[in-house]
Amino acid sequence: MDFGIVQFTSDRGLKPHVLAPLIEKAGFASYYVPEHGHIPTKREAAHPRTGDETLPDERYMRTLDPWTSLASAAAVTERIRLATAVALPVQSDPITLAKTIATLDHISDGRVTLGVGFGWNLDELADHNVPPKRRRTMLREYLEAMNVLWTQEEAEFDGEFVRFGPSWAWPKPPQSHIPVQVGAAGNEKNFKWIARSADGWITTPGEEDIEGSVALLKRIWTDAGREGDPQVVVLDFKPVPEKLEKWREIGVTTVLYGLPDDSVERASGYLAKLAGKLDLAPAAV
């Protein structure tokens, strides 16, 4: 089990190329960032945390582009995984997005993890012409089509939402397989989707029964004929040794923490303190 940092990026926080080296230096294994291209001012979709149309944080409307953010982080780091929690692929053109992610994996020497979501903000999805009741199918096709572009010398795809004829597309990602993690509630429906189309699960902030959910995910994973164990990424708020040891025992692979990002001094101090509690070894300079 390793530990990472998730930054709710915004134009008011530390820039990724400033924060990422601090994360790597402190000994953390990964850096996650979110995605929201825009937030419609009038919405009917309820936010999962507030239960209505209100937003719990103004950074939702100020979020930086994840791929530009991670590219800038890649340029100033050497070791940490570069990931999204979560990206919304169906809001982009899949061919263009495949090129962007492959390029990021190329320039980072194979450090990309693709965290994706189905999208709770149906109003946001509507502006991208995403049919709400088909967004899961659409996401599956996007992932399948991008994987074809990443792995086949002459790629083609014929689906409901994605179609292209025999095509060349380089660069190919240095990784033989870019890991895909799904950020969603821990329930049977979502876990069946993950077992069919992804490599792991990212918990939601309100997840309560981590142990029960991981057990359910592993059972569904095995029943689906998947080998090995799914990746499990848990969003945590306070490191408690007994809790972390239990998570390690049940197969959690990564634990993520947020951080204050209004200044280098606060971020550095927090990272050093958190790394100490987690017994992380600072990266060699």
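Residues numbered from 1 in each chain as written. Predicted model: local features only at pLDDT ≥ 70, side-chain atom pairs only at ≥ 80, totals over all residues. Heavy atoms only, no water.

K.L.:
What exactly am I supposed to notice about helix α8 (residues 241-250) here?
P.N.:
It helps to recall that an α-helix has 3.6 residues per turn; residues three or four apart then point in one direction. Those residues of α8 that sit buried are L244, W247 and I250. Projected onto a plane normal to the axis of α8, the buried residues spread over an arc of 125° and lie on a single side. Along α8, exposed side chains directed more than 90 degrees from the buried face belong to P241, E242 and E249. Check the buried side of α8 and you find it contacts β1 (2-6), α7 (210-223), β9 (231-235) and β10 (254-257). (Buried < 20%, exposed > 50% of the residue type's maximum accessible area, 1.4 Å probe, protein only. Helix = DSSP H or I, 4+ residues; strand = E, 2+ residues; numbered from the N terminus. Arc of directions from axis to C-beta. Contact = heavy atoms within 4.5 Å.)

K.L.:
What am I meant to see in the environment of K133 here?
P.N.:
With respect to the element layout, K133 can be found in the loop between α4 (122-126) and α5 (135-151). Classification of K133 as exposed rests on a relative accessible area of 83%. As a C-alpha pair, K133 and P40 span 93 residues in sequence and 19 Å in three-dimensional space.

K.L.:
Any chance you could explain α7 here in plain terms?
P.N.:
With 14 residues, α7 should reach 20 Å at 1.5 Å per residue; the first-to-last C-alpha distance of 20 Å fits that figure. Turning to α7, its buried residues number three or more, namely I210, S213, V214, L217, I220 and W221. The buried residues of α7 all sit within an arc of 130° when viewed along its axis, so they share a single face. Of the exposed residues in α7, the ones pointing more than 90 degrees away from its buried face are T222 and D223. Just downstream of α7, G225 is the residue with a positive phi angle, here 85°. (Expected span 1.5 Å × (residues − 1).)

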